[in-house]
Amino acid sequence: HGGSAAESQETDPPEPVEEAPKPKRVARELAALRTTNVLGTDGSPARNTRSRCSALAALTLLSDSQASGAQWRPRSMNVGNSPLTPLAELASAVLDGDNVLKYRQLLKHPVLGPAWNTSSANEFGRLAQGVGGRVKGTDTIFFINKEEVPLDRVLDVTYAQFVCNIRPEKEEKNRTRCVAGGNKINYPFDVGTPTADMLLVKILFNSIVSTKGAKFMTADIKNFYLMTPLKRWEYIKLKLSDIPAEVISECNLMEKATKDGSVYVEVRKGMYGLPQAGLLAQEQLAKSLQEHGCYQSKMVPGLWHHKTRPITFTLVVDDFGVKYTNEEDTKHLMSVLRENYDITEDWKGERYIGMHMRWDYKGRMVHMAMPGYVEKALKEFQHEQPSRQQNSPYVAAPKRYGAKAQFVDDPEDSKEVTAAEKKFIQQVTGKFLYLGRAVDGTLLTPLSAIASKQSSPTEDTLSRTKHFLDYVASQEDAVLTYHASNMVLAAHSDAGYNNMPQARSRAGGFFSVKR
């Protein structure tokens, strides 16, 4: 991953607890709860591949930075000790005890139901023409009769999914999002959207702590996808049972419902899940920014500069991460955005693309973590705490001392897993890959090895996946620290011989920005 050679991963010290012994992470959560009230060539397609853009991102940002040494104490700045830890645990999912609740469960829940019915009604109100006098509509969708769907678009009618999560940093804490099933939409035009990736964001963080006087803030555009008119309208079929009673009543949906209890929606503006929504919204935003002197790097998608002001920012969908040395420059950018959008600002820059950051500008350091991510994921996969601590993320190939040649025990004789177990393996690798790329590099090698077998996994693959889950359950939340460096790109690599099935070897390494 991109980072400083002076970066480090720290773990949290255990908190003493009076109750029966618990895992260290649980003890830390309880301690936190006691102090908080909240539970190719220019223009060629190859030029835009993620690998090339990542390399160009490094070269572009290296020239912006200055060097300095710094003393650091990551344990004292450990994000995992923050009262925000229990908030992060709920950030991406809604929990009822150890159970992760989905949309339909929430609507019918005896305790949580009223709040989430209101949240869902608010989402429909935002998308449609408002609801209850409390939410202003965006005219993104219109409820129609089935007969109003054009005959040449009947086969393009898609479905919708509903995603519920708790977002403590947002004005509306309980967030419901209606997401169109983009996989069933046959859009005939280009839908590629330039956006910053994880590597670019981390290089920006390294650049900030390595530039004297630089600081970081974030901004978020509300309803970003809901503002752009579509070139071609889309159509969605919804179950009436998925729509709150308040919306059914206000929109007279019983009159539009079909005999099977469905209702049809005409989508006229961009919304979540539409393959073209991101590109159309980005094009509109880019036009607005360019009119005020901002421009996107020709080499690195998602990296923006200003023609006259010393300001740099990354854009991930509708989230801005801004590096600045003069506060007035950032205020100018915010005023430009407010001309066309409703935005929220965080001048402390404590959260961005799922990561928690703790900035120490005096010490020229930033500490990154994703507290609660592992705990929540383990609950989602219903994986219990192991009886013995597991400190190895992957089962190492056995060594035969004294042998002239090392032969690998080929596990290909093990039986294939069921379809449900195969899906489980794929979900685990997908879930933890983001954590590995963000803050915990120790997860990447085992995930890569498991992922290489996930298309046709065996019982051995399943065993290794559960071994991996034992490892992450045994460890403290990782904290990744960057501090000021000379921004000199360095690479370290190594290889393991005959340590993979079918007598294959594995080579790997990491790139860093060192002092």
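Everything below is about the structure shown above.
Residues numbered from 1 in each chain as written. Predicted model: local features only at pLDDT ≥ 70, side-chain atom pairs only at ≥ 80, totals over all residues. Heavy atoms only, no water.

Peer 1: Explain a nonpolar patch on the surface here, please?
Peer 2: Nonpolar side chains collect at one region of the surface, where Leu151, Val154 and Leu155 lie side by side and expose about 390 Å² of accessible area between them. Tracing the sequence through the fold places Val154 in the loop between strand E4 (141-144) and strand E5 (160-166). Looking at Val154, the relative accessible area reads 43%, which means it is partly exposed. (Patch = residues over 30% accessible without salt bridge, like charges linked within 9 Å, V, L, I, M, F, W, Y side chains within 5 Å. Areas by Shrake-Rupley, 256 points an atom, 1.4 Å probe, with all protein chains shown as cover. Salt bridge = Lys/Arg side-chain N within 4 Å of Asp/Glu carboxyl O. Helix = DSSP H or I, 4+ residues; strand = E, 2+ residues; numbered from the N terminus. Buried < 20%, exposed > 50% of the residue type's maximum accessible area, 1.4 Å probe, protein only.)

Peer 1: Mind showing me how you'd approach the pattern of salt bridges here?
Peer 2: In a structure, side chains of opposite charge can pair up when their charged atoms sit close to one another. In total, this model carries 15 salt bridges according to the counting rule given. Arg177 serves as the salt-bridge partner of Glu123, at 2.9 Å between the closest nitrogen and oxygen. Of this pair, Glu123 sits in helix H5 (residues 113-127) while Arg177 is found in strand E6 (residues 174-180), placing the two residues 54 residues apart along the sequence. Judged by its relative accessible area of 1%, Glu123 is buried. A salt bridge links Glu345 to Arg338; the shortest N-O distance between them is 2.1 Å. Here Glu345 falls in the partly exposed class, since its relative accessible area comes to 31%. Each of the salt bridges in this network shares a partner with another, and the network as a whole consists of Arg153, Asp156, Arg232 and Glu234.

Peer 1: Is there a simple way to think about the environment of Ser210 in this case?
Peer 2: Its location among the elements puts Ser210 in the loop between helix H6 (198-209) and strand E7 (215-221). Given a relative accessible area of 0%, Ser210 falls into the buried group. Considered as a pair, Ser210 and Asn486 are 276 residues apart in the sequence and their alpha carbons are 7.2 Å apart. Separated by 3.1 Å, the side chain of Ser210 and the backbone nitrogen of Ser485 make a polar contact. (Polar contact = N/O pair within 3.5 Å; in protein donor to acceptor, adjacent residues only side chain to side chain.)

Peer 1: Looking at this structure, I do not really get the sheet that holds strand E9 (residues 262-269). What am I missing?
Peer 2: Taken together, the 3 strands give an open sheet; going across it, the order is E4-E9-E8, and neighbouring strands pair in antiparallel fashion. With one partner strand each, in any of the chains shown, E4 and strand E8 (229-239) form the two edges of the open sheet. Within the sheet, the average angular offset between the axes of one strand and its neighbour, ignoring direction, is 25°. (Pairing = 2+ DSSP bridges. Axes fitted to C-alpha atoms, helices over the stretch in contact; angles between N-to-C directions.)

Peer 1: In this structure, what is going on with the nonpolar core? I would like to understand it.
Peer 2: As a rule of thumb, soluble globular proteins bury nonpolar side chains together. Phe143, Leu238, Ile243, Met271, Leu285, Leu289 and Phe320 are the most contacted members of the largest nonpolar core, which has 62 residues in total. Considering each element in turn, this core owes the most residues, 6 residues, to helix H9 (residues 277-290). Filtering out sequence-adjacent residues up to four positions away, Leu289 remains in contact with Cys294, Trp304, Phe313, Phe320, Leu333, Val336 and Leu337. Among the nonpolar cores identified, the runner-up in size contains 47 residues, and Ala196, Ala214, Ile353 and Leu480 belong to it. (Core = buried A, V, L, I, M, F, W, Y, C linked by side-chain atoms within 4.5 Å. Contact = heavy atoms within 4.5 Å.)

Peer 1: Looking at this structure, how should I read the packing of aromatic side chains?
Peer 2: Between two aromatic rings, the relevant description is the distance of the centres plus the angle of the planes. Considering all chains together, one arrives at 16 aromatic pairs under this definition. With 6.1 Å between their ring centres and 50° between their planes, Phe224 and Tyr341 make a pair best called tilted. Remark: Tyr341 occurs in the loop between helix H10 (327-338) and strand E14 (343-346) and Phe224 occurs in the loop between E7 and E8; sequence separation between them is 117 residues. Just as Phe224 is buried, Tyr341 falls in that class too. Joined through ring pairs, the aromatic side chains of Phe205, Phe216, Tyr352, Trp359 and Tyr361 make up one cluster. Of note, Lys215 hangs over the ring of Tyr361, and the distance from its end group to the ring centre comes to 5.7 Å. Over the face of the ring belonging to Tyr373 we find Lys431, whose NZ or CZ atom lies 5.7 Å from the ring centre. (Phe/Tyr/Trp six-rings, centres within 6.5 Å; stacked < 30°, edge-to-face > 60°. Lys NZ or Arg CZ within 6 Å of the ring centre and 35° of its normal.)

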